[in-house]
Amino acid sequence: MSKSHKLFHDAKKVIPSGVNSPVRFFEPYPFFAKKSDGSHIWDEDNKKYIDFCNGYGALLLGHRRKEILTSVSKQLKQGTLFCTPTNSEIELSKLIIGNFPSIEKVRLVNTGGEATMTAIRLARGFTKKKKIIKFEGCYHGAHDSVLVKAGSGSAHNGISVSDGGLDEVSKNTLVAPYNNSEELEKIISKNKDVAGVIIEPILANMGLILPQKNFLSDVRKITKDNNIPLIFDEVVTGFRVSPGGAQQYFGIKPDITTLAKTLGSGFVIAAVAGKKEIMNLLSPGGKVYQASTYAGNPVSVSAAIASIKTINKIKNQLYSKLEKYNAFLTSAIDDLASDMKISHQINSTSSMFQIFFTDKPVTDYISSKNADSKKFKKMFDVLLKNGIFIAPSQFEVVFLSDAHTKDDLSNTVNAYETALKTVKN
Ligand SMILES: *Cc1c(COP(=O)(O)O)cnc(C)c1O
C-alpha cells in the first residue's frame, strides 16, 4: 500500500472525507504532498509531479519563489501578528491601487470567500437594496449568497444549492447565464431591488470559459445605466492575466474588486477593494460591518508585497513567456487530440487552459456540463500516473506558472499523448 493510500485511510478517521476542501478529493484517493519547489510537488511516496494545479492559480510565481521567501523570513523575525495597524499594510494597499485601474481603497481579509461576502454586503449597504445577480457557473467562495448554481467543487459534486443554506438567502440571489447580456438586462428590468452584479471576468471555475466579445462591456454598461454596483471577482484573474487583472486586460472598470489567490503567492491573504465612496462605508467609519483577527497579518502582507513587486519587476517578460508556453502546450494537445480524432474543445487565455471532450463550443455553464467529464477523469488519472498534476475536476483549470520550464512542457505533452490515447479507447 502506498503511503498516500495509508494516510488517506488515517485522514478519513479524523477529517471529513479526509480532505480540508472538497476539490482536493478524487477517486480512489488523493496523493499526500510532502514538499514542493518551483514547478514541482513531491508526494509522501517521493513521487515527483509537475504542478499545473498551482494552488488553484495562486502560484503564478511558482512554489517557494525566492523573493517571497526572503520577504517572509525577514518578517518572521519581526513578529507574526500585531492586531494594530502596520506600515506594511499601507505599502501593500498602495501597490494594489497602483496596479488596478478601478481601485482607490483596499480592505485586507483572509480568503476569497470572505472578500466576496464583504463585497456583496458593501453593495447592499451602498444601494440599500437586497438582491444580487450572479452568473451560472461562476464560483465566488463557499458562503450562502453565492453558493447558487456555482462552479468549481459544487458543480463537480452536483450541488446547486447547499444543504444547510437558507431559501430566504438564496432567493435573493438571481442567476443569469454567462455570455448572455440580454438575459441580464431582462432580469434587471424585472427586478427593482438589485444591489449588485458579481462576475468572474474570465470564468475559471467551470473549466475555462472566456467572455465573448462585448459581453463584459455590455455588463458594465447595463449595470452603470441602472446604477447597480458591478463586482469583478478577480480572485483568479487578479495579477494572473495582467498586473492589473482582467480590468486592465479588458479595459473595463468595476466598482468593487475582490482579490486573493495570486495576491499572497502561497500565503493566506485576500482583499476587497474599490471606489472610495463605496469602501468608506466599511466600519468603523461606515455602517457596513466587517472584521477579522488575522486580516492584514504581517506575514501574509510581506508575502503579498513581495509578490506584487516581483510581478511588476518582471512583467515585461512574465506575461509574454506564460502566453508563449500556454500557446505551445495547447496547440500541441489540440494537434494530438485532432490526430486521434477525439471530439474536443480547448479554451485558453494567458496562462490558463482547459480541454473539454465535446464537439460543441464551450461558452457557458450548460455547454461545460455537457462535455464528457468521465473522459476527463480518465485523462486526469493517466496524467497523474505520468507525473502531471492538474486540478482533478473538469470544472477547474490548468494553471501555468513562471517556474515551468521547456522540459516541463515537453514532458507534459508526452503525458497528454499517453492520456489522450486512453480517452480514445
Ligand atoms: C477560489 C475562488 C474564490 C474563493 O476563494 P477562497 O480563498 O477559496 O475562499 C472566489 N472567487 C473565485 C473566482 C475563486 O476562484
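All values reported here derive from a predicted model rather than from experimental measurement.

Q: In this structure, what is going on with the UniProt feature "modified residue: N6-(pyridoxal phosphate)lysine" (unreviewed entry) in the chain? I would like to understand it.
A: UniProt's entry tags Lys261 with the feature "modified residue: N6-(pyridoxal phosphate)lysine" (unreviewed entry), counted in the numbering of this structure. With respect to the secondary-structure elements, Lys261 resides in the loop between strand 9 (256–259) and strand 10 (270–274). Judged by its relative accessible area of 25%, Lys261 falls in the partly exposed class. Leaving out residues up to four positions away in the same chain, Lys261 has contacts with Gly55, Tyr56, Ala58, Val235 and Val236.

Q: Quick question: what am I supposed to make of the side chain of Ser102 here?
A: Considering the arrangement of structural elements, one finds Ser102 in the loop between helix 3 (87–99) and strand 4 (105–109). Here Gln247 takes part through its side chain, which lies 2.6 Å from a polar atom of the side chain of Ser102. If near-sequence neighbours (up to four positions away) are discounted, Ser102 is found in contact with Gln247, Lys253, Pro254, Thr257, Gly274 and Lys275.

Q: What is the right way to read the domain arrangement of the chain from this model?
A: Note on interface size: it is often stated as the accessible area lost on association of the parts. Along its sequence, the chain is organised into domain 1 (1–32) and domain 2 (66–310). The gap between the C-alpha centroids of domain 1 and domain 2 is 30 Å.

Q: Sorry if this is basic, but what is going on with the packing of helix 13 (residues 373–385) against helix 14 (residues 406–424) here?
A: Contact geometry of helix 13 with helix 14 gives a least axis separation of 8 Å together with a crossing angle of 140°. Judged by the inter-axis angle, helix 13 sits oblique to helix 14. Here the hand of the crossing between helix 13 and helix 14 comes out right-handed. In this structure, helix 13 uses Lys375, Lys378, Met379, Val382 and Leu383 to contact helix 14, whose residues at the interface are Ala415, Tyr416, Thr418, Ala419, Leu420, Thr422 and Val423. Per-class residue counts for the contact of helix 13 with helix 14 are eight nonpolar, two polar and two charged.

Q: Looking at this model, I keep getting lost on the site of the ligand. Mind explaining?
A: All residues in the neighbourhood of the ligand are listed as Thr111, Gly112, Gly113, Tyr139, His140, Gly141, Glu200, Asn205, Asp233, Val235, Val236 and Lys261. Between an oxygen atom of the ligand and a main-chain N or O atom of Gly113, the distance comes to 2.8 Å. Lys261 is positioned such that a nitrogen or oxygen atom in its side chain is 2.6 Å from an oxygen atom of the ligand. Within the complex, 81% of the 380 Å² of free accessible area of the ligand lies under protein. Split by residue class, the shell around the ligand holds three nonpolar, six polar and three charged.

Q: Is there a simple way to think about the pattern of salt bridges in this case?
A: Where side chains of opposite charge bring their charged atoms close, a pairing between them can arise. Scanning all chains against the criterion turns up 13 salt bridges. In this structure, the salt-bridge partner of Arg64 is Asp37, at a minimum N-O distance of 3.0 Å. With Arg64 in the loop between strand 3 (48–51) and helix 2 (66–78) and Asp37 in strand 1 (residues 33–37), the pair connects residues that are 27 residues apart, well separated along the chain. Put simply, Glu67 and Arg65 hold a salt bridge, and the shortest N to O gap is 3.0 Å. Take Glu67: its relative accessible area is 26%, and that puts it in the partly exposed class. Residues joined in a network through salt bridges with shared partners are Arg65, Glu67, Lys321 and Asp402.

Q: Honestly, the sheet that holds strand 7 (residues 194–199) in this entry has me stumped. Any pointers?
A: Sheet strands line up and pair through hydrogen bonds in the backbone, either parallel or antiparallel. The strand order across the open sheet built from seven strands is 4-10-9-8-7-5-6, with neighbouring strands paired in mixed fashion. Each end of this open sheet is capped by a strand with a single partner; those strands are strand 4 and strand 6 (173–176). Averaged over all pairs of adjacent strands, the angle between strand axes in this sheet comes to 20°, irrespective of strand direction. Of the pairings in the sheet, the one linking strand 8 (residues 230–233) to strand 9 comprises three bridges and is parallel in character. Looking at the pairing, Ile231 lines up with Ile256 of strand 9.

Q: Explanation requested: the state of the cysteines in the structure shown.
A: One way to say it: the disulfide is the covalent bond shared by the sulfur atoms of two cysteines. Per the counting criterion, the structure on display carries zero disulfides. Left without a disulfide partner, Cys138 is nearest to the cysteine sulfur of Cys53, which lies 19 Å away.

Q: It is not clear to me how the packing of aromatic side chains should be interpreted in this structure. Could you clarify?
A: Any two aromatic rings considered together are summarised by their centre-to-centre distance and by the angle between their planes. One pass over the full model with this rule turns up eleven aromatic pairs. Judged by centre distance (4.8 Å) and plane angle (75°), the rings of Phe26 and Phe380 are edge-to-face. Taken together, the residues span a long stretch of sequence, with Phe26 in the loop between helix 1 (3–14) and strand 1 and Phe380 in helix 13 at a distance of 354 residues. Residue class for Phe26 comes out buried when judged on its relative accessible area of 8%.

Q: What should I look at first to understand unusual backbone geometry in this one?
A: Backbone phi values are negative for most residues with the exception of glycine, while trans is the configuration of most peptide bonds. Here the amide bond leading from Glu27 into Pro28 is cis, since omega sits at -5°, within 30 degrees of zero. Within the element layout of this structure, Pro28 appears in the loop between helix 1 and strand 1. For the bond from Ser283 to Pro284, the omega torsion is 10°, close enough to zero to count as cis. Relative to the elements of secondary structure, Pro284 occurs in the loop between helix 10 (276–279) and helix 11 (298–339). With phi around 65°, Asn46 is a residue other than glycine that occupies positive phi space. Here Asn46 is to be found in the loop between strand 2 (40–43) and strand 3. Positive phi, close to 45°, is recorded for Lys149, a residue that is not glycine. The class for Lys149 is partly exposed, based on a relative accessible area of 27%.

Rules and cut-offs
Residues numbered from 1 in each chain as written. Predicted model: local features only at pLDDT ≥ 70, side-chain atom pairs only at ≥ 80, totals over all residues. Heavy atoms only, no water. UniProt positions renumbered as here; feature names shortened; annotations may be inferred. Helix = DSSP H or I, 4+ residues; strand = E, 2+ residues; numbered from the N terminus. Buried < 20%, exposed > 50% of the residue type's maximum accessible area, 1.4 Å probe, protein only. Contact = heavy atoms within 4.5 Å. Polar contact = N/O pair within 3.5 Å; in protein donor to acceptor, adjacent residues only side chain to side chain. Domains from an automatic or database assignment. Axes fitted to C-alpha atoms, helices over the stretch in contact; angles between N-to-C directions. Parallel < 35°, antiparallel > 145°, perpendicular 65-115°, else oblique. Left-handed = near helix turned anticlockwise from the far one by under 90°. Nonpolar A, V, L, I, M, F, W, Y, C, P; charged D, E, K, R; others polar. Near = heavy atom within 4 Å. Areas by Shrake-Rupley, 256 points an atom, 1.4 Å probe, with all protein chains shown as cover. Salt bridge = Lys/Arg side-chain N within 4 Å of Asp/Glu carboxyl O. Pairing = 2+ DSSP bridges. Disulfide = S-S within 2.5 Å. Phe/Tyr/Trp six-rings, centres within 6.5 Å; stacked < 30°, edge-to-face > 60°.

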